[in-house]
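One-letter residues, chain by chain:
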Amino acid sequence: MTNDLERRVWQHRNGSSLSSFSAKHGITKLVYIEDFSDIHEAIAREKQIKNWRRSKKVALINAENPGWDDLAGDWYVEKLVQRGSAAN
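Analysis parameters
Residues numbered from 1 in each chain as written. Predicted model: local features only at pLDDT ≥ 70, side-chain atom pairs only at ≥ 80, totals over all residues. Heavy atoms only, no water. Helix = DSSP H or I, 4+ residues; strand = E, 2+ residues; numbered from the N terminus. Expected span 1.5 Å × (residues − 1). Buried < 20%, exposed > 50% of the residue type's maximum accessible area, 1.4 Å probe, protein only. Arc of directions from axis to C-beta. Contact = heavy atoms within 4.5 Å. Polar contact = N/O pair within 3.5 Å; in protein donor to acceptor, adjacent residues only side chain to side chain. Salt bridge = Lys/Arg side-chain N within 4 Å of Asp/Glu carboxyl O. Patch = residues over 30% accessible without salt bridge, like charges linked within 9 Å, V, L, I, M, F, W, Y side chains within 5 Å. Areas by Shrake-Rupley, 256 points an atom, 1.4 Å probe, with all protein chains shown as cover. 1 Å grid on protein atoms, 1.4 Å probe; cavity = no way out; pocket = protein on both sides within 12 Å on 5 of 7 lines; lining within 4 Å. Points joined across faces, edges and corners; volume = space filled by probe spheres on them. Nonpolar A, V, L, I, M, F, W, Y, C, P; charged D, E, K, R; others polar.

Draft legend 1. Up close: helix 3 (residues 39–50). Taking 1.5 Å of rise per residue, the 12 residues of helix 3 would be expected to cover 16 Å, and the 16 Å separating its terminal C-alpha atoms lies within 8% of that figure. Turning to helix 3, its buried residues are Ala-42, Arg-45 and Ile-49. Around the axis of helix 3, the buried residues are gathered within 65° of arc, so they sit on the same side. Along helix 3, exposed side chains directed more than 90 degrees from the buried face belong to His-40, Lys-47 and Lys-50. Of the surrounding elements, those touching the buried residues of helix 3 are helix 4 (54–64). The opening residue of helix 3 is Asp-38, an N-cap whose side-chain oxygen sits 3.0 Å from the backbone nitrogen of His-40.

Draft legend 2. Region of the structure containing the environment of Glu-6. Tracing the sequence through the fold places Glu-6 in helix 1 (residues 5–13). Overall, Glu-6 belongs to the partly exposed group, its relative accessible area being 30%. Between the C-alpha atom of Glu-6 and that of Tyr-76, which follows or precedes it by 70 residues, the distance is 8.9 Å.

Draft legend 3. Layout of the side chain of Asn-65. Counting through the fold element by element, Asn-65 comes out in the loop between helix 4 and helix 5 (75–87). In this structure the side chain of Asn-65 is engaged in a polar contact, spanning 2.8 Å, whose partner is the backbone oxygen of Asp-69. When neighbours within four sequence positions are excluded, Asn-65 is seen to be in contact with Val-31 and Leu-71.

Draft legend 4. Region of the structure containing the pattern of salt bridges. Applying the stated criterion to the full structure yields 3 salt bridges. For Asp-4, the salt bridge goes to Arg-7, with nearest N and O atoms at 3.6 Å.

Draft legend 5. Spotlight on unusual backbone geometry. Its identity is not glycine, yet Trp-68 carries a phi of approximately 50°, on the positive side. For Trp-68, the position within the fold is in the loop between helix 4 and helix 5. Taking the relative accessible area as the measure of exposure, Trp-68 reaches 28% and is therefore partly exposed.

Draft legend 6. Structural detail: a nonpolar patch on the surface. Taken together, Met-1, Ile-39 and Ile-43 make up a surface patch of nonpolar side chains, about 260 Å² in accessible area. Structurally, the position occupied by Met-1 is in the segment before helix 1.

Draft legend 7. Here's a closer look at the layout of surface pockets. Empty space within the largest pocket amounts to approximately 1,600 Å³. Residue lining of the largest pocket: 35 residues in total, with Met-1, Leu-30, Tyr-32, Glu-46 and Ile-49 positioned closest to the centre. Listed by contribution, the elements that provide at least two residues to the lining of the largest pocket are helix 1, helix 2 (20–25), helix 3 and helix 4. Of the residues belonging to the lining of the largest pocket, the class tally is 17 nonpolar, 8 polar and 10 charged.

By themselves, these are just geometric observations and shouldn't be taken as functional.
Here it is, written out as structure tokens:
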């Protein structure tokens, strides 16, 4: 759970993640997202999913993102291009 998904993904991808699980397992792709306006609902959902078996988590991802595409795949490329064009 985060209030700044872009920053959190950047941390995971650059090894500055606070999560030892992500660092240990080399987690760098964002394959599933849920958005909540209420922090308490977000925390409850995160706890719920964390308690699931891996097979149920995989089924959830497969239902929403069957190709396991990186949902943040081009976020930083776009930013670098924007910064480059702004500098010119």
